[in-house]
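# Observations on the model geometry
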Amino acid sequence: MTQAEKEQDNGKEKEKDREKEKEKEQQRGVKRPIAPPAIAEPQQEQIQSNFIIVIHPGSRTLRIGRATDTLPVTVPHVIARRHKQSGQARYEDSWLLREGLSKPESNEQRQNGLKMVDQAIWSKKMSNGVRRTPVSPEQARAYNCQIRPAVLDSSSRIKWTSTTHHPPYLVGEEALYVNPSDCYNIHWPIIRGQLNVHSGPGGSLTGVLADLETIWSNVIQKHLDIPLKDLKYYRCILLVPDIYNRQHIKEVVNLLLLNMGFSAIVVHQESVCATFGSGLSSACVVDVGDQKTSLCCVEDGVSHRNSRLCLAYGGSDVTRTFFWLLQRAGFPYRDCQLSSRLDCQLLQHLKETFCHLDQDISGLQDHEFQTRFPEAPALLYQVRLGDEKLQAPMGLFYPTTFGIVGQKMSSLQYRSQGDSEDPHDEHYLLATQSKQDQSSRSAADRKATSRTGGLDGEMSSQGGMGEISDLPRGCGSGGGGTQGDMDLGPAQGESLMGSGEVEEPISAHLSRKSAIMSQFESKALGLDKAILHSIDCCASDETKRKMYSSILVVGGGLMFHGAQEFLLHRIINKMPPSFRRLVDNVEVITRPKDMDPRLISWKGGAVLACLDTTQEMWIHQREWQRFGVRMLRERAAFVW
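First, a word on what this report is: a plain description of the structure on this page. The numbers attached to residues start from 1 for each chain and follow its sequence in the written order. Only residues with pLDDT of at least 70 are given local features in this predicted model, and only at 80 or more are side-chain atom pairs given and counted; all residues enter the totals for whole chains, interfaces and linings. Computation of side-chain values covers all heavy atoms of the structure but excludes hydrogens and water.

So, about empty space enclosed by the protein. Cavity means a closed set of points on a 1 Å grid over the protein atoms alone, one where a 1.4 Å probe fits but cannot get out, pocket means an open set with protein on both sides within 12 Å along at least 5 of 7 lines, and lining means a residue has an atom within 4 Å of a point. Grid points are joined across faces, edges and corners, and a volume is the space filled by probe spheres set on the points. If you walk through the whole model with that rule in mind, you get 3 cavities of 30 Å³ or more. Starting at the N terminus, helices and strands are each numbered in turn, a helix being any DSSP run of H or I of at least four residues and a strand any DSSP run of E of at least two. Those elements that provide at least two residues to the lining of the largest cavity are strand S9 (194-195), helix H6 (205-222), strand S10 (235-240) and helix H7 (246-259). Ten residues, namely Ala, Val, Leu, Ile, Met, Phe, Trp, Tyr, Cys and Pro, are considered nonpolar, four, namely Asp, Glu, Lys and Arg, are considered charged, and the remaining ones, Gly among them, are considered polar. Its residues assigned to classes, the lining of the largest cavity shows 12 nonpolar, 4 polar and 1 charged. Considering only enclosed or pocket space, the second largest cavity measures out at about 40 Å³ in volume. Residue composition of the lining of the second largest cavity, grouped by class: 3 nonpolar, 3 polar and 3 charged.

This is the structure we're talking about:
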């Protein structure tokens, strides 16, 4: 008999002995200890990634798919809704146009911005050591004004979306190609990363949420082949902006769990998911989207609240600036209008095709493009361009070029307005912290007068402030309350959180901070300055060093040839001299793992679905029904 057979026989004998022992115990009436029911753990282990849907809603594009999918479904985040009444005036949310462009000083500001851009282009030498020779737009204009289009085909083969069966709504590409003469309103439910609530038709919070539900439900059924009645078997991971509106997030979670019927949800921030998707543990995440640019320093899966910054410009502003520069250079497609959906699409395509940030590409160059519109022939245009292709994307570094006047251009994380469903929010923490501070101060004063001459009180006070400052703002024992409506860099933060602040009346404290806030919000920081500001708001030099060595650029707004080298050059030139010695190498990452930067945050959401730590973050439908928004404070991976 072999050794293996002997071991097998021994195992069988031991099993028989155990069964006989059980029978004897049952006969004697011996009660064996009852094993605790292991229901929760097997349930956690049984969660399958193909039953988790990751939703990344963008201002212009929705990305949605199962966590197991290699790539998400990508559709324009737009809906066309049929008029309720015949003869009603059409309404359409603007795409490239925005408020603040038609002010008298807009053109002057645009011209000033362009002068700064031209100066920056001239001052940086090309790789061969020679300065660029500026190209006058008149040189291109003389040629472009003579261009007439060539007819490629009598029919463009592009058709308007058929509305003969009068559908109540159309979503995505179908909505983009609705004939303007049809009685449909066009809505983009998200603008600059937030819900597009406005005073026009369909702009109420209820209307915007209804648009989101219709778009998402339609895409889930049509592209993911999941019947809506089966969503009770699915879970959802929702990606939200780093600077979020609490009321809006609450309503969207309500929509997904109660209206659409998902069984559970995890809410997480785009910046943290971007680090998951790129495989980085820490990074300064720069998300350049179509409508907004957000920055945040992420360390080991935690978003530093102080470093969050949102800029109210993005890729669409570059597109609009490019159109203005094209017009100045005699753009041969003279019927182009920013109010036309299809013209906006064409301009986006031209920007992505022609624009770059490579200083070595100079001089006049000839290009061609086609126009294919419904009910029109396909046309081929020739166009000659010079510096316009470089000037437009440089608007991201000189935002005055966009000509936006009187608008809020920068946002910091603000304090919650409070929610009746969540009595233990940061307002409660602020109040309790103030009482604790007062009692600890009086105790310290008593000790100081009686024994040690104030040494103990001073030490305890310093220790308390140290603990608060080490926490994320708004976390723990009232850190967010102390900081107030905004988070600033270390130097400014010290002035707000100094020892004198405790004595200051709250009304005076808030009015002083609101004055600083309004001054900051009116400024349009360039992308390089915003990155330096975000990193400078980190707590320690070690964290700042990490961030400089890993600047991760995601989103589709900076996908220009030469962008990586251009951004790296500007950051190295502008970073504080003290850090040039400390940082071994500044690195800008624009395509981690050769992935499309537009998909990295979504991919990070898919990675999140597979992590063991995610099991503690699920908010189940029944829990949400019972406890509401309090579950976000308990389960969200970021400080709610």
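Phi is positive for Arg157, close to 65 degrees, though the residue is something other than glycine. Along the chain, Arg157 turns up in the loop between strand S5 (150-153) and strand S6 (169-171). Among the residues examined, Arg157 registers a relative accessible area of 65% and is labelled exposed. Burial here depends on accessible area, computed with a 1.4 Å probe over protein chains only, as a share of the maximum for the residue type. Under 20% is buried, over 50% is exposed, and the range in between is partly exposed.

Moving on, we come to the sheet that holds strand S1 (residues 52-57). Here 6 strands make up an open sheet; going across it, the order is S3-S2-S1-S10-S11-S21 and the pairing mixed. The open sheet has two edge strands with one neighbour each: strand S3 (73-76) and strand S21 (619-620). The pairing of strand S2 (residues 61-66) with S3 spans 4 bridges and is classified as antiparallel. Looking at S3, one finds that Ile64 is bridged to Val73. Across the sheet, H7 is in contact with S1, S10, strand S11 (264-269) and S21; its angle to S11 comes to roughly 150 degrees. Should any heavy atoms of two residues lie within 4.5 Å, those residues are counted as being in contact. In this description, a line fitted to the C-alpha atoms serves as the axis of each element, helices being fitted only across the stretch in contact, and the angle between N-to-C directions of two axes falls anywhere from 0 to 180 degrees. Contacting S1, S10 and S11, helix H8 (residues 270-278) runs over the sheet at an angle of about 90 degrees to S11. DSSP calls a pair of strands paired once it identifies at least 2 bridges connecting them.

The next subject is the packing of aromatic side chains. Each Phe, Tyr or Trp ring (for Trp, its six-membered ring) is paired with any other whose centre lies within 6.5 Å, and the angle between the two planes then decides the class: stacked below 30 degrees, edge-to-face above 60, tilted in between. In the structure shown here, the tally under the stated rule is 11 aromatic pairs. For the pair Phe331 and Tyr333, a centre-to-centre distance of 6.2 Å together with 70 degrees between the ring planes defines the contact as edge-to-face. Using a relative accessible area of 6% as the deciding quantity, one classes Phe331 as buried. For Tyr333, a relative accessible area of 9% translates into the label buried. On the numbers, 5.5 Å between centres and 20 degrees between planes, the contact of Phe331 with Phe369 is stacked. Pair noted here: Phe331 is in the loop between helix H9 (315-328) and helix H10 (341-354) and Phe369 is in strand S16 (residues 365-371), with a separation of 38 residues, a long-range link. Counting every residue linked through ring pairs, the aromatic cluster contains Phe331, Tyr333, Phe369, Phe373 and Tyr381.

In this section: the pattern of salt bridges. The term salt bridge refers to a side-chain nitrogen of Lys or Arg lying within 4 Å of a carboxyl oxygen of Asp or Glu. Per the stated rule, a full pass over the model turns up 20 salt bridges. Among the ionic pairs, Asp153 bridges to Arg157, the shortest N-O distance being 2.4 Å. Overlapping salt bridges, with partners in common, bring together Arg90, Glu92 and Arg341 in one network.

Turning to the sheet that holds S5, a few remarks are in order. The 3 strands are arranged S5-S17-S16 in an open sheet whose pairing can be described as antiparallel. A single partner strand is all that each edge strand has here, and the edge strands are S5 and S16. For this sheet, the mean inter-axis angle between neighbouring strands, taken without regard to orientation, is 30 degrees. Of the strand pairs in this sheet, S5 and strand S17 (residues 378-385) are connected by 3 bridges, and their pairing is antiparallel. The partner of Val151 across the bridge, within S17, is Leu379.

Take helix H4 (residues 137-144) next. Every α-helix carries 3.6 residues per turn, so stepping three or four residues along brings you back to the same face. Here H4 has its buried residues at Pro137, Ala140 and Asn144. Seen from one end, H4 has its buried residues packed into an arc of 65 degrees, which puts them on one side. For H4, the secondary structure elements touched by its buried residues are H9, S17 and helix H11 (388-391). To be clear, the arc concerns the directions from the helix axis to the C-beta atoms.

Before going further, it helps to examine helix H17 (residues 527-536). Counting buried residues in H17 gives 8 out of 10 residues, a clear majority hidden from the surface. Every buried residue of H17 is accounted for by Leu527, Asp528, Ala530, Ile531, Leu532, His533, Ser534 and Ile535.

It is worth spelling out the packing of H6 against H7 at this point. Relative placement of two packed helices is described by the angle separating their axes and the distance separating the axes. H7 packs onto H6 with a crossing angle of 45 degrees between their chain directions and a minimal axis gap of 11 Å. Relative to H7, the element H6 lies oblique. Crossing angle aside, the handedness with which H6 passes H7 is right-handed. On H7, the residues touching Leu205, Leu209, Leu212, Glu213 and Trp216 of H6 are His248, Glu251, Val252, Leu255, Leu256 and Asn259. Partitioned by chemical class, the residues of the contact of H6 with H7 number 7 nonpolar, 2 polar and 2 charged. When an angle is under 35 degrees it counts as roughly parallel; over 145 it counts as roughly antiparallel; between 65 and 115 it counts as roughly perpendicular; any other value is oblique. In a left-handed crossing the near helix is turned counterclockwise from the far helix by less than a right angle, and in a right-handed crossing that turn is clockwise.

Further remarks concern the nonpolar core. For our purposes a nonpolar core is just a set of buried Ala, Val, Leu, Ile, Met, Phe, Trp, Tyr and Cys residues, chained together by side-chain atoms within 4.5 Å. The biggest cluster of nonpolar side chains holds 81 residues, and the ones touching the most others in it are Ile531 and Leu558. By size, the runner-up hydrophobic cluster in this structure holds 43 residues, among which are Ile53, Leu62, Val208 and Val219.

Turning to the environment of Tyr414, a few remarks are in order. Mapped onto the secondary structure, Tyr414 falls in the loop between strand S18 (410-411) and helix H12 (426-452). When its relative accessible area of 27% is taken as the criterion, Tyr414 is described as partly exposed. Note: C-alpha distance between Tyr414 and Asn245 (169 residues apart in sequence) is 9.0 Å.

Where H9 contacts H10, the two axes come as close as 9 Å, and the packing angle between them is 90 degrees. Between H9 and H10, the crossing angle belongs to the class labelled roughly perpendicular. Packed against H9, whose contacting residues are Gly315, Val318, Thr319, Phe322, Phe323 and Leu326, the element H10 presents Leu347, Gln348, Leu350, Lys351 and Phe354 at the interface.

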